[in-house]
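# Architecture at a glance
Letter by letter, the chains look like this.
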Amino acid sequence: MSAYIDREQTQAKHDILRGYLHKLAYKVLRGGWDIAYVDGFSGPWKPETADFSDTSFMIALEVLKEAQRIIYEQTRVRRKVRCFFSEKSAAAYQQMVATVAPFHRPDEGFEVKTFHGEFVDAVGEIRTFIGKAFPLIFIDPTGWTEYPLTIIAPLFDYPKCEVLINYMYGHISRFLDHPDEKIIASFDHIFGGPGWQSRLDPTMKKGPAAEKLFRETLKATGKFRYVVSTRIDKSTQDRPHFYLAYGTKDPAGLKAFRETEYRALREHARNRSAAITRMRDERANAGSLFADFEAEQKEASIDDLVHEQKALAKEMLLEMLAVAPAGIVFWDPRRHASGLHVARDQRERRVRGIGQDGQNREHLGHRRAQAHRPNHDQARVRLTPLAGGAERPCPLLVASYCTATNGKGAKSRIMTHSPSHPAASASCAKQA
Ligand SMILES: C[S@@+](CC[C@H](N)C(=O)[O-])C[C@H]1O[C@@H](n2cnc3c(N)ncnc32)[C@H](O)[C@@H]1O
């Protein structure tokens, strides 16, 4: 029987950690780097297995050990792997230390260091431990006060660095309007300082807006090039339980994360469906009362999700359209707006919605964005002149567009030639 029955959300978190770490480790070690994995909140936390195979520290140790062995067999070079685990609870720390000790084999280039105490107090020690290795920092707290971003920022101050943070969405959202000023001030640490309320996106509901602000703050603090997040729902509720925020300085990292996320979320959807069936069986006698409750939950959740995803999609689409001189982009909502979480009909509706309301006179050179025949994979979106207005060139910087589209995926999806703006086309061709 699965160790994750009734805690499928933990399974999703562990699947993403395992899948991503696997990809990262092979890439980093094969690329001639050492790797430093830091688990700031290592647990164990409510494990269901005697060998701790359902804990993040054990998952990481097994993935990294195996990656090091295979890369060594392939290249005959043994890259170093370092793991740092910090844990505050004395009881959990003792269990963790006893379990990870056998993995500490410095003679084989595999080092394990443990820290008993608060993660924030380990920052200096962690930096020394990372040395010149490629760091992946995993932050999986029980709340939001234990990882003040400005204090842990030195952990991100490397040319290459990745981070995974469990943003406790459900928990945080319940306190965003709390009357206690101290609680409101405690959010300063993850939302970029005092006055964070004024930085929330006013077009979004408070929960999603706060999660977005968190990603923006993390991006700025860690100087990450990309920060994205994955929504994880509880087993039997269609509401976000937490978001796994992922930060990277490398487009290849983002691609690898998205691939891992896709697989993990499909598995999560299957597991949740099984959990819901199980719960239905158990509550068969509750009948229609429960069915009504479930329907309400689903509806509220989809509204939140669509609202949030639509805002994100619109932002990205406007950006792409504004810099596509021919005024046409091929828009894949799954790729461009984390549309993974939205069912097919929702994605189609969303693309149409953007087509209808996606106009921004200043950015789009007085044109309107319209989506044509959207399907579940891709829509062709083009700009057409607004009624009564003359078409004007888009004013955004062509140079920054070209740089941004040098990555394979984006470049192949955006048409850059422009009969009416040959200078812009030439500039793009030269830089691409
Ligand atoms: C959610 S659990 C971690 C679960 C673990 N990452 C996993 O997936 O198996 C959070 C852990 O962090 C510990 N913790 C709480 N506050 C901490 C702090 N300030 N510094 C370090 N550990 C802390 C808790 O005792 C708990 O074991």
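Residues numbered from 1 in each chain as written. Predicted model: local features only at pLDDT ≥ 70, side-chain atom pairs only at ≥ 80, totals over all residues.

So, on to the overall build of the protein chain. Along the protein chain, the regular secondary structure elements total 16 helices and ten strands. Counting across all 432 residues of the protein chain, residues that qualify as buried make up 39%. The contacts of the protein chain with a sequence gap of at least 6 include a subset with a gap of at least 24, amounting to 70%. (Helix = DSSP H or I, 4+ residues; strand = E, 2+ residues; numbered from the N terminus. Buried ≥ 20, exposed ≤ 12 C-beta atoms within 10 Å, placed from the backbone. Contact = placed C-beta atoms within 7 Å.)

Glancing now at the site of the ligand. Close to the ligand lie 17 residues; Phe41, Gly43, Trp45, Ser56 and Lys88 are nearest. Among the residues making up the shell around the ligand, the classes are represented as five nonpolar, seven polar and five charged. (Near = placed C-beta within 6 Å. Nonpolar A, V, L, I, M, F, W, Y, C, P; charged D, E, K, R; others polar.)

The element strand β2 (residues 81-87) is largely enclosed, with a buried count of seven among its seven residues. Going residue by residue along β2, you find Val81, Cys83, Phe85 and Glu87 tucked away on one face and Arg82, Phe84 and Ser86 tucked away on the opposite face as well. Note that strand β1 (residues 35-39) and β2 share five bridges and pair parallel. Paired with Asp39 across the two strands is Phe85, which belongs to β2. This β-α-β element, β1 to helix α2 (residues 56-75) to β2, shows right-handed connectivity. As judged from the seven bridges shared by β2 and strand β3 (residues 110-116), these two strands associate in the parallel manner. Within the sheet, the bridge partner assigned to Phe84 lies in β3 and is Lys113. (Pairing = 2+ DSSP bridges. Right-handed = clockwise from strand over helix to strand, strands pointing away.)

Moving on: the sheet that holds strand β6 (residues 226-233). Reading across from one edge, β3-β2-β1-β4-β5-β7-β6 is the order of the seven strands in this open sheet, with mixed pairing throughout. Each of the sheet's edge strands pairs with one partner strand only, and the pair in question is β3 and β6. Put simply, the sheet's adjacent strands are angled 15° from each other on average, direction ignored. In this structure, strand β5 (residues 162-167) lies alongside strand β7 (residues 240-248), joined through five bridges in antiparallel fashion. Paired with Asn166 across the two strands is Leu244, which belongs to β7. (Axes fitted to C-alpha atoms, helices over the stretch in contact; angles between N-to-C directions.)

Core analysis: the largest hydrophobic core is formed by 73 residues, its most contacted members being Leu21, Ala25, Ile35, Ala60, Leu64, Cys83 and Ala245. Once residues within four sequence positions are removed from consideration, Ala25 is found in contact with Ile35, Val63, Leu64 and Ala67. (Core = buried A, V, L, I, M, F, W, Y, C linked by C-beta atoms within 7 Å.)

It is worth spelling out helix α3 (residues 90-100) at this point. All buried positions along α3 are accounted for by Tyr93, Met96 and Val100. One face of α3 carries all of its buried residues, which in axial projection span an arc of 70°. Turned more than 90 degrees from where α3 packs its buried face, Ala90, Ala91, Gln94 and Ala98 sit exposed. Those residues of α3 hidden inside the fold are in contact with α2, β2 and β3. (Arc of directions from axis to C-beta.)

Burial analysis of β1 places five of its five residues in the buried class, which makes it a mostly covered element. Pairing analysis gives five bridges linking β1 to strand β4 (residues 134-139), with the strands arranged parallel. Note on β4: the bridge partner recorded for Val38 is Ile137.

Time to look at the environment of Gly247. Counting through the fold element by element, Gly247 comes out in strand β7. Take Gly247: there are 26 C-beta atoms within 10 Å of it, and that puts it in the buried class. Sequence spacing of Gly247 and Cys161 is 86 residues, and the spatial spacing of their C-alpha atoms is 8.3 Å. Discounting residues that sit within four places of it in the chain, Gly247 has contacts with Glu162, Val163, Leu218, Lys219, Gly222, Phe224 and Val227.

In a regular helix each residue adds 1.5 Å, so 32 residues correspond to 46 Å; helix α10 (residues 251-282) covers 46 Å between its end C-alpha atoms and thus fits that length. All of the buried residues along α10 are Gly253, Leu254, Ala256, Phe257, Thr260, Glu261, Ala264, His268, Arg272 and Ala275. Buried residues along α10 sit in contact with α1 (8-30), β5, β6 and β7. (Expected span 1.5 Å × (residues − 1).)

A few words now on the confidence of the model for the protein chain. Per-residue confidence for the protein chain averages 78 on the pLDDT scale, and 66% of its residues sit at or above 70. Low pLDDT, under 50, characterises residues 336-366; the stretch is placed with 82 contacts to residues that sit more than four places away or in other chains. In the predicted structure, residues 388-432 sits below a pLDDT of 50 and forms 62 contacts with residues beyond four places in sequence or in another chain. (pLDDT = per-residue confidence, 0-100.)

Gly43 connects to Pro44 through a cis peptide bond whose omega is 15°. Structurally, Pro44 is set in the loop between β1 and α2. A positive phi angle is found at Lys46, which is not glycine, with a value near 50°. Residue Lys223 is not a glycine yet carries a positive backbone phi of 50°. Among the structural elements, Lys223 can be located in the loop between α9 (206-222) and β6. Look at Lys223 and you get partly exposed, because 14 C-beta atoms sit within 10 Å.

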